Amino acid sequence: NWNSRGYTFGIFKDRPGQVWADFVHKTDELVVLAEGEIEIEIEGKSQRPQIGEEVFIPANATLTVRNVGSMGNVWYYGCRKEYDK
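Novice: Looking at this structure, how should I read the overall build of the chain?
Specialist: Within the chain, the secondary structure is distributed over zero helices and eight strands. Put simply, the chain runs from its N terminus to its C terminus through helices and strands in the order β-β-β-β-β-β-β-β. Here the chain has a C-alpha radius of gyration of 12 Å; the compact-globule value for 85 residues is 12 Å, and the two agree. Dimensions of the chain along its principal axes, counting C-alpha atoms only, are 40 × 25 × 15 Å. When burial is assessed residue by residue, the chain has 36% of its 85 residues classed as buried. The long-range fraction of contacts in the chain, counting pairs at least 24 apart against all pairs at least 6 apart in sequence, stands at 73%. In the chain, 10 positive and 13 negative side-chain charges are present, and the distance between their average locations comes to 4 Å.

Novice: Quick question: what am I supposed to make of the environment of Q50 here?
Specialist: For Q50, the location among the structural elements is in the loop between strand 5 (45-47) and strand 6 (54-57). Given a relative accessible area of 55%, Q50 falls into the exposed group. Expressed as a C-alpha distance, the spacing of Q50 and E37, which sit 13 residues apart in the sequence, is 7.7 Å.

Novice: How do you make sense of unusual backbone geometry when you look at a structure like this?
Specialist: Most peptide bonds take the trans form, and the phi angle of most residues other than glycine is negative. The backbone phi angle of D22 is positive, close to 55°, even though this residue is not glycine. Checked against the element boundaries, D22 lands in strand 2 (residues 19-24). Even without being a glycine, E43 presents a positive backbone phi close to 50°. If you trace the backbone, E43 turns up in the loop between strand 4 (38-42) and strand 5. Exposure remark for E43: the relative accessible area of 51% places this residue in the exposed category.

Thresholds applied
Residues numbered from 1 in each chain as written. Predicted model: local features only at pLDDT ≥ 70, side-chain atom pairs only at ≥ 80, totals over all residues. Heavy atoms only, no water. Helix = DSSP H or I, 4+ residues; strand = E, 2+ residues; numbered from the N terminus. Rg over C-alpha atoms; globule rule 2.2 N^0.38 Å. Buried < 20%, exposed > 50% of the residue type's maximum accessible area, 1.4 Å probe, protein only. Contact = heavy atoms within 4.5 Å. Lys, Arg positive; Asp, Glu negative; His and termini not counted. Charge placed at Lys NZ, Arg CZ, Asp CG, Glu CD.

This is the structure:
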């Protein structure tokens, strides 16, 4: 439960080929793939999480998320709540 760990919760749905490039967030973030395939690049290091696998993205890290599958995907994200204050 992300809420009990101090994180918000949101859902992204991306089309095939979608790329969110070179983002930097001021807070820690969590991402979990729910459907499809994604590649997450954090500070130049890429990984392809499996469905259900949680990925931690530290605050101020450069981040790119790519839909690398042939279908749309769904992924969950959460930001550390103290950033919202």
